[in-house]
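Residue-level structural notes
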Amino acid sequence: MGLFVDIKKRLPGFTLEAGFESGAEVLGLLGASGSGKSMTLRCIAGIVKPDKGRIVLNGRVLFDSDKGVNVPCRQRKIGFLFQNYALFPNMTVEENIAFGLQNLDREQKNRIIRANVQMMKLEGLEKRYPFQLSGGQQQRVALARALAIEPEALLLDEPFSALDEHLRSHMQKQFMDTLDHYRGVTLFVTHNIEEAYGLCGKLVVLSGGKVGAEGLKENMFLKPPSLETAQLTGCKNFSAVRRLSANEWEALDWGIRLKVEEEPEERVSHMGIHAHHIRLARREDTENIFKCWPAFTSESPFKMTVYISVGRKPLSPEDYHLQWEIAKERWHELKDRPLPWDICLEPGKLMLLKDK
Amino acid sequence: MDMDFSPLWISVKTALTATLVTFFFGLAAAWLVAGYRGKLKGLIDGVLTLPMVLPPTVVGFFLLVFFGKNGPAGKLLHALGTQVIFSWPATVIAASVVAFPLMYKTSRGALEQIDENIVNAARTLGVSEWKIFWKVTVPLAWPGIAAGTVLAFARALGEFGATLMIAGNIPGKTQTIPLAIFFAAEGGEMEKALAWVVFIFAVSLVVMTLMNYWTEYQAKIIPRNRRR
């Protein structure tokens, strides 16, 4: 049981080729804008017809180009949460939720509306129109409307992108609670790395219309297989590499030699390290210690990003090798120390990456 | 002045019937063209808009050929033992054809403004296309559809050239107000002509003004409704 997708669709600028499977846990589709992730969802829901391929949901063939099967959208039983919620502006909250329940009698309808209103904490808003609701409330109505028809799969297209930062984290938590009750296949599309990590168990990384990587989210972030996946999962520091010996590599862009713990697979072309994995060297460190100078810094509320030049003084603010993220408190201790600083790039934290 | 009021009733009856006919045909055409993605879109749109830009006599000429004794529709009607040329239905046909593009153009514009996601959302909920059209699409495009209907009504009320060609000027039967004005003026009955002129002038002005205020009112409400 689950969702099987293997589709091809020619689009202006690129060809979408998405293939993956999803079971009971929430699957995240992570990709930059224009990577084809929304289009993939639309193909699954039946809003857009793929050129080729197969889509199977719980053993039901929804689309099969070889057999000429293309189940219309309204018979797929797939709930879709649109980025802008797409509520019916001419209907009240109640009417929105009930819209997919046309064939039921009044009593059944009311029961389902009540259950969904309660689950989504929309009590008291039943008679309001969408324009009288806040963004978060609108989203809950949209989710209630999608879940009212008891869909076999739920597709979420960047559901939090229209919410402000404060609401977002609040809604994410609520979302998780709701999704806990939902027993169908859930697909979650986002370009936001933190959202993907927080909400999904497994991830499919899409780039340029192709599946770049697929697997458990932990692996996706700590052991990304490719340069692209590493970029999409938030790694900031990359260098082309040359292998010197079994575990020694030369980072060509950084101009340093490094020990790497990871056993290389074939076709390694780059290495990367997360900005928050860089740290000051301690007394017990013996390997991968380098002198560095800050080129410039950029500040955010709780952390500092320091752009550092390794091995020599920077000539200009643009002359840096690595981005280093540290907590504000640590930065206050660090900033007055004499230059250069000793940093350590732990052999266990360096990631070897394939180019595509 | 000896006033015959039959043109008023004929005009109102014709304009209302033509508006009703145009409403459904115009809306259907608008919906089909709005959803059509092919290469012929420009051509189809051109053909459907033609009655608005062609001289009414040209439209009348085509209708005369089409519904005349030897025309395709005329032959069919003849076989059924009837004909429309120089009868009251001819005034409705002329007014409908000339008013059609206004209904079509205006409601098509409104249909194309609708957020496609809203219609797609309705589809994922398992609702039939027919129901989606009447419960979602039409309400969302309503300001435009209503405006198109009003414009079509005003145009149907003022139709002259095509009507004269296929319905003629038969007092009490096909003589609408615009025809009455023309023949009164031509016959030197300027006072009678003026009375009808004032009437048409007033009705058209009132209708258009009301529509403007209504559009303004809608514009205040709808954007809030459609906030994304």
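No experiment lies behind these values; they were computed from the predicted model shown.

A separate point is the overall build of chain B. Within chain B, the regular secondary structure consists of 10 helices and 0 strands. Ordered by position from the N terminus, the helices and strands of chain B form the series α-α-α-α-α-α-α-α-α-α. Each principal axis of the C-alpha atoms in chain B carries an extent, and together these give about 65 × 45 × 25 Å. Across the 228 residues of chain B, 46% fall into the buried class. When contacts within chain B are restricted to residue pairs at least 6 apart in sequence, long-range pairs at least 24 apart make up 74% of them. Looking at chain B as shown, the accessible area adds up to about 12,000 Å², and 71% of this sits on carbon and sulfur atoms. Each charge class in chain B can be summarised by its mean position, and for the 19 positive and 12 negative side chains these summaries are 13 Å apart.

Moving on to unusual backbone geometry. Residues and elements named next belong to chain A. The linkage connecting leucine 339 with the following residue, proline 340, adopts the cis geometry, with an omega of -5°. The phi torsion at asparagine 58 lies on the positive side, around 45°, for a residue other than glycine. Along the chain, asparagine 58 turns up in the loop between strand 4 (52–57) and strand 5 (60–64). You will see that tyrosine 85, though not glycine, has its phi angle at about 70°, which is positive. As for its position among the elements, tyrosine 85 is in the loop between strand 7 (78–81) and helix 2 (93–98).

On to the sheet that holds strand 19 (residues 322–327) of chain A. Ordered in space as 16-20-17-18-19 (chain A), the 5 strands form an open sheet in which the pairing is antiparallel. Unpaired on one side and paired on the other, strand 16 (279–280) and strand 19 of chain A mark the two borders of the sheet.

Here we take up the nonpolar core. The biggest cluster of nonpolar side chains holds 117 residues, and the ones touching the most others in it are A:Phe20, A:Leu187 and B:Val136. No other element matches helix 7 (residues 129–158) of chain B, which puts 11 residues into this core. In this structure, A:Phe20 is in contact with A:Leu3, A:Phe4, A:Val5, A:Leu27, A:Leu29, A:Thr40, A:Ile44, A:Leu187, A:Val204 and A:Glu214, ignoring residues within four places of it in sequence. Counting residues in each nonpolar core, the second largest holds 28 residues, with A:Met271, A:Leu280, A:Val306 and A:Ile343 among its members.

With that out of the way, let us pick up the packing of helix 3 (residues 56–67) of chain B against helix 5 (residues 88–113) of chain B. All names here are of chain B. One can describe the packing of helix 3 onto helix 5 by two numbers: an axis separation of 11 Å at closest approach and a directional angle of 130°. The pairing of helix 3 with helix 5 is recorded here as oblique in orientation. At the point where helix 3 passes helix 5, the crossing takes the right-handed sense. Each of Val59, Leu63 and Phe67 in helix 3 lies in contact with helix 5, whose residues at this interface are Ile93, Ala94, Val97 and Val98. Per-class residue counts for the contact of helix 3 with helix 5 are 7 nonpolar, no polar and no charged.

Our next topic: the packing of aromatic side chains. Applying the stated criterion across every chain yields a total of 20 aromatic pairs over all chains. Taking the centre distance of 4.7 Å and the plane angle of 85° together, the rings of A:Tyr197 and A:Phe221 count as edge-to-face. A residue pair is termed long-range when its members are at least 10 positions apart, and A:Tyr197 in helix 6 (residues 193–199) and A:Phe221 in helix 7 (residues 217–222) qualify at 24 residues. Look at A:Phe221 and you get buried, because its relative accessible area is 9%. An angle of 80° between the planes, with centres 5.1 Å apart, marks the rings of B:Phe133 and B:Trp134 as edge-to-face. Overall, B:Trp134 belongs to the partly exposed group, its relative accessible area being 33%. Each member of the aromatic cluster is reached from another via a ring pair, and the members are B:Trp31, B:Trp130, B:Phe133 and B:Trp134. The ring of A:Tyr197 has A:Lys217 lying over it, and the distance from NZ or CZ to the ring centre is 4.8 Å.

This paragraph deals with the interface of chain B and chain A. Taken together, the contact pairs 22 residues of chain B with 23 residues of chain A. Here chain B meets chain A over a buried area of about 2,100 Å², counting both sides, of which 63% is carbon and sulfur. Applying the counting criterion to the chain B and chain A interface returns 0 salt bridges. Our count for the contact surface shared by chain B and chain A stands at 4 residue pairs in polar contact (both at pLDDT 80 or more). When residues of the side of chain B that touches chain A are traced back to their parent elements, those giving at least two are helix 6 (116–124), helix 7 and helix 10 (190–225) of chain B. Of all the elements, helix 6 of chain B adds the most residues to the side of chain B that touches chain A, at 7 residues. Of the residues that constitute the side of chain B that touches chain A, the class distribution is 8 nonpolar, 6 polar and 8 charged.

We now examine the packing of helix 1 (residues 6–35) of chain B against helix 9 (residues 177–186) of chain B. As a packed pair, helix 1 of chain B and helix 9 of chain B sit with axes 8 Å apart at the nearest point and diverge in direction by 145°. Packed against helix 1 of chain B, whose contacting residues are B:Pro7, B:Leu8 and B:Ser11, the element helix 9 of chain B presents B:Ile177, B:Pro178 and B:Ala180 at the interface.

Take the side chain of B:Thr124 next. Position of B:Thr124 among the secondary structure elements: in helix 6. In this structure the side chain of B:Thr124 is engaged in a polar contact, spanning 2.7 Å, whose partner is the backbone oxygen of B:Ala121. Every residue in contact with B:Thr124, bar those within four places of it in the chain, is listed here: A:Ile47, A:Cys73, A:Ile78, A:Phe80 and A:Ile149.

Turning our eyes to something else, we now look at the pattern of salt bridges. Pairing of side chains with opposite charge becomes possible as their charged atoms draw close. A full pass over the atoms with the stated rule returns 23 salt bridges over all chains. Taking the shortest distance from any N to any O, the salt bridge between A:Lys259 and A:Glu287 comes out at 3.8 Å. Taken together, the positions of A:Lys259 in strand 14 (residues 256–259) and A:Glu287 in the loop between strand 16 and strand 17 (289–299) put the pair 28 residues apart, joining distant regions of the chain. Look at A:Lys259 and you get partly exposed, because its relative accessible area is 28%. Ionic pairing is found between B:Lys41 and B:Glu112, a salt bridge with its closest N-O pair at 3.7 Å.

The next point concerns the pairing of strand 5 of chain A. Residue and element names in this part refer to chain A. As judged from the 4 bridges shared by strand 4 and strand 5, these two strands associate in the antiparallel manner. Within strand 5, the residue paired with leucine 57 across the bridge is arginine 60. Here strand 4 folds back onto strand 5, and the loop between the two strands holds 2 residues, one of which, asparagine 58, carries a positive phi near 45°. Bridge count between strand 5 and strand 6 (residues 69–70): 2 bridges; the pairing is antiparallel. When the bridges of strand 6 are listed, aspartate 64 appears paired with valine 69. Count of turn residues in the strand 5/strand 6 antiparallel hairpin: 4 residues, of which glycine 68 carries a positive phi of about 70°.

With that settled, the discussion passes to helix 6 of chain B. Three or four residues apart is the spacing at which side chains of an α-helix point the same way, because the helix has 3.6 residues per turn. Within helix 6 of chain B, 7 of the 9 residues are buried, which leaves the element mostly enclosed by the surrounding structure. Among all positions in helix 6 of chain B, only B:Asn117, B:Ile118, B:Val119, B:Asn120, B:Ala121, B:Ala122 and B:Thr124 are buried. Against helix 1 (37–45), strand 7 and helix 4 (135–148) of chain A together with helix 7 of chain B lie the buried residues of helix 6 of chain B. The backbone nitrogen of B:Asn117 lies 3.0 Å from a side-chain oxygen of the residue at the head of helix 6 of chain B, namely B:Asp115.

Scoring rules and cut-offs
- Residues numbered from 1 in each chain as written.
- Chains lettered and ligands numbered in written order.
- Predicted model: local features only at pLDDT ≥ 70, side-chain atom pairs only at ≥ 80, totals over all residues.
- Heavy atoms only, no water.
- Helix = DSSP H or I, 4+ residues; strand = E, 2+ residues; numbered from the N terminus.
- Buried < 20%, exposed > 50% of the residue type's maximum accessible area, 1.4 Å probe, protein only.
- Contact = heavy atoms within 4.5 Å.
- Areas by Shrake-Rupley, 256 points an atom, 1.4 Å probe, with all protein chains shown as cover.
- Lys, Arg positive; Asp, Glu negative; His and termini not counted.
- Charge placed at Lys NZ, Arg CZ, Asp CG, Glu CD.
- Pairing = 2+ DSSP bridges.
- Core = buried A, V, L, I, M, F, W, Y, C linked by side-chain atoms within 4.5 Å.
- Axes fitted to C-alpha atoms, helices over the stretch in contact; angles between N-to-C directions.
- Parallel < 35°, antiparallel > 145°, perpendicular 65-115°, else oblique.
- Left-handed = near helix turned anticlockwise from the far one by under 90°.
- Nonpolar A, V, L, I, M, F, W, Y, C, P; charged D, E, K, R; others polar.
- Phe/Tyr/Trp six-rings, centres within 6.5 Å; stacked < 30°, edge-to-face > 60°.
- Lys NZ or Arg CZ within 6 Å of the ring centre and 35° of its normal.
- Buried area = accessible area lost by both parts, 1.4 Å probe.
- Salt bridge = Lys/Arg side-chain N within 4 Å of Asp/Glu carboxyl O.
- Polar contact = N/O pair within 3.5 Å; in protein donor to acceptor, adjacent residues only side chain to side chain.

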